Amino acid sequence: MKPDALLYPTPKGLYCAPGDFYVDPVHPVERALITHGHADHARSGHTAVMATRQTLDIMRIRYGEQFCVSEHVAELRQTTVINGVTVSFYPAGHVLGSAQIAIEKDGMRIVVSGDYKRRADPTCLPFEPVKCDVFITEATFGLPVFHHPDDRAEIGKLITSLKQFPERSHLVGAYALGKAQRVIALLREGGHDAPIYIHGALTKLCDYYETQGIALGDLRPATLTGKDKSMFAGAVIIGPPSAFADKWARRFIDPVSIFASGWMMVRQRAKQRGVELPIILSDHCDWPELLATISEIQPGEVWVTHGREEALVRWCALQGIAARPLHLVGYDDEGE
């Protein structure tokens, strides 16, 4: 079987015609397989959804009980047959519950990696390489300029700033799912055991991480009603990046403005956001990690999607690996 006969891009997303299902569709469909809970990959309105238990739980938290008509739990590393097509889920290392999806029929195996990273993360299972004929990789940071520094050294910058400016609150912008919990876990790992204050948009997800055995320590609501603003002096306050644009962020006195993202490598982005302390912390692979992953898996072909596609396609060609961009639309990398 040729790869295109098994899986191909459509305006709704990647479609498996023999199995009659989509992977991470951007519009409502009858049958969807979901790699992880970020809103650009996991949308509500599908009839049947198959994903890991944690991703299904996260979708329920974000969209409510009626996020789909029927849900189907994908157990990691176990196979399920859908209309004669075998599918299996493997850890992707991106966020809690994230998975790669292997799709197989007539001797052809395609792995849709979704979003993934290779670095150790205390809040999710690590990426597992899966041998395949076609590897579909993201390329969010698919340019040679992207070499992300050590995660713990970056969090160390925040811990150092807390010691240097004990009179100032430290306001951290971090995506609500995955990034915020990772920042908290790394702070705890680094010895910061003081209460951490969180925006209300993070509460349910942080509570869910705790139920999954991921200890985040003493978390408190970042509310000021009837309270003295000085209580936030020297404290870490974490909220979604969108909260920085509203009055919620302006309630804190002289805060150190911080943003945790792989994009903080780009100084202009940090400057545009008014970030005083950029923390380079990505839930995606940098350039060397993308190359190392492809070299380790050794697929016969690579399909590149949502990101800086052309550079990675060119690198594959130079290595003698067939590759092409998919030009999928509807997937956002700004929140990372």
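Asks: Describe the sheet that holds strand β12 (residues 170–173), naming the residues involved and giving the relevant values.
Replies: Read from one edge of the open sheet, 6 strands run β14-β13-β15-β12-β16-β17, paired in parallel fashion. Sheet topology places β14 (219–221) and β17 (277–279) at the edges, where each strand pairs with a single neighbour. Pairwise comparison of adjacent strand axes, ignoring direction, gives a mean angle of 25° for this sheet. Pairing between β12 and strand β15 (residues 236–239): 4 bridges, direction parallel. From the neighbouring strand, Gly173 faces β15, where its bridge partner is Gly239.

Asks: Now, about helix α2 (residues 53–63): what can you tell me, with residues and values included?
Replies: Taken residue by residue, α2 has Thr55, Leu56, Asp57, Ile58 and Met59 as its buried positions. Those residues of α2 that are buried lie in contact with β5 (46–51), β6 (68–73) and α5 (200–211). Where α2 ends, the next residue or the one after it, Gly64, has phi of about 95°, a positive value.

Asks: Give a detailed account of the environment of Gln298, specifying residues and quantitative values.
Replies: Looking at where Gln298 falls in the secondary structure, it is placed in the loop between α7 (287–297) and β18 (301–307). Spatially, the C-alpha atom of Gln298 lies 8.5 Å from that of Asp133, the residues being 165 residues apart in sequence. Not counting residues within four places of it along the chain, the set of residues in contact with Gln298 comprises Lys131 and Cys132.

Asks: Can you explain the packing of helix α4 (residues 179–189) against α5? Please cite residues and give values.
Replies: Contact geometry of α4 with α5 gives a least axis separation of 10 Å together with a crossing angle of 60°. Taken together, the axis directions place α4 and α5 in an arrangement best described as oblique. Relative to α5, α4 is oriented so that their crossing is right-handed. Touching Ala180, Gln181 and Ile184 of α4 are Leu202, Leu205, Cys206 and Tyr209, all from α5. Looking at the contact of α4 with α5, its residues break down into 6 nonpolar, 1 polar and no charged.

Asks: If you had to explain the environment of Arg220 to someone new, which residues and values would you point to?
Replies: On the secondary structure map, Arg220 appears in strand β14. Relative accessible area serves as the criterion here: at 37%, Arg220 is assigned to the partly exposed category. For the pair formed by Arg220 and Arg267, sequence separation is 47 residues and the distance between their alpha carbons is 32 Å. Once residues lying within four places of it in the same chain are set aside, the contact partners of Arg220 are Pro195, Ile196, Tyr197 and Ile198. Among the polar contacts listed, one links the side chain of Arg220 to the side chain of Asp218, at a separation of 2.8 Å.

Asks: Go over the sheet that holds strand β11 (residues 134–139), please, and point to the residues and values.
Replies: In spatial order, the strands read β7-β8-β9-β10-β11-β18-β19; together these 7 strands make up an open sheet with mixed pairing. Both outer strands of the open sheet, β7 (79–82) and β19 (322–325), are each paired with one neighbouring strand and no more. Across this sheet, the average inter-strand angle for adjacent strands is 25°, counted without regard to direction. Bridge analysis of strand β8 (residues 85–91) against strand β9 (residues 99–105) gives 6 bridges, and the strand direction is antiparallel. Of the residues in β9, the one forming a bridge with Ser88 is Ala102. Set on the sheet, helix α8 (residues 309–318) makes contact with β11, β18 and β19; between it and β18 the angle comes to about 165°.

Asks: Outline the packing of helix α3 (residues 151–164) against α4, supporting the account with residue identities and numerical values.
Replies: Two elements in contact, α3 and α4, have axes separated by 10 Å at closest approach and are oriented at 80°. Classified by the angle their axes make, α3 and α4 are roughly perpendicular. Between α3, through Asp151, Arg152, Ile155, Leu158 and Ile159, and α4, the contact on the second element is made entirely by Arg182, Val183, Leu186, Leu187 and Glu189.

Asks: Explain the pairing of β7 to me, using residue names and the numbers behind them.
Replies: Where β7 and β8 come together, 4 bridges link them in antiparallel fashion. From the neighbouring strand, Thr79 faces β8, where its bridge partner is Ser88.

Asks: How would you summarise the packing of aromatic side chains if you had to cite specific residues and measurements?
Replies: Tallied over the full model, the rule gives 9 aromatic pairs. A centroid spacing of 5.6 Å and a plane angle of 85° characterise the contact between Phe146 and Trp263, whose relative ring orientation is edge-to-face. Of this pair, Phe146 sits in the loop between β11 and α3 while Trp263 is found in the loop between β16 (256–260) and α6 (267–272), placing the two residues 117 residues apart along the sequence. Aromatic ring contacts, followed pair by pair, group Tyr8, Tyr15 and Tyr22 into a single cluster. Cation over ring: Arg168 sits above Phe165, and NZ or CZ is 5.6 Å from the ring centre. Positioned above the aromatic ring of Trp263 is the side chain of Arg269, whose terminal nitrogen or guanidinium carbon lies 3.8 Å from the ring centre.

Asks: Account for the pairing of β8, with residues named and values stated.
Replies: Here β8 lies mainly inside the structure; 6 of its 7 residues are buried. Hairpin connection of β7 to β8: 2 residues between the antiparallel strands, including Asn83 at a positive phi of 50°.

Asks: Explain empty space enclosed by the protein residue by residue, including any values.
Replies: The tally for this structure, following the rule as stated, stands at 2 cavities of 30 Å³ or more. Reported here for the largest cavity is a volume of approximately 80 Å³. What lines the largest cavity is simply Leu14, Val23, Asp24, His41, Val112, Ser113, Gly114, Ile136, Thr305, His306, Leu328 and Tyr331. In terms of residue class, the lining of the largest cavity is made up of 6 nonpolar, 5 polar and 1 charged.

Quick notes on the rules
- Residues numbered from 1 in each chain as written.
- Predicted model: local features only at pLDDT ≥ 70, side-chain atom pairs only at ≥ 80, totals over all residues.
- Heavy atoms only, no water.
- Pairing = 2+ DSSP bridges.
- Helix = DSSP H or I, 4+ residues; strand = E, 2+ residues; numbered from the N terminus.
- Axes fitted to C-alpha atoms, helices over the stretch in contact; angles between N-to-C directions.
- Buried < 20%, exposed > 50% of the residue type's maximum accessible area, 1.4 Å probe, protein only.
- Contact = heavy atoms within 4.5 Å.
- Parallel < 35°, antiparallel > 145°, perpendicular 65-115°, else oblique.
- Left-handed = near helix turned anticlockwise from the far one by under 90°.
- Nonpolar A, V, L, I, M, F, W, Y, C, P; charged D, E, K, R; others polar.
- Polar contact = N/O pair within 3.5 Å; in protein donor to acceptor, adjacent residues only side chain to side chain.
- Phe/Tyr/Trp six-rings, centres within 6.5 Å; stacked < 30°, edge-to-face > 60°.
- Lys NZ or Arg CZ within 6 Å of the ring centre and 35° of its normal.
- 1 Å grid on protein atoms, 1.4 Å probe; cavity = no way out; pocket = protein on both sides within 12 Å on 5 of 7 lines; lining within 4 Å.
- Points joined across faces, edges and corners; volume = space filled by probe spheres on them.

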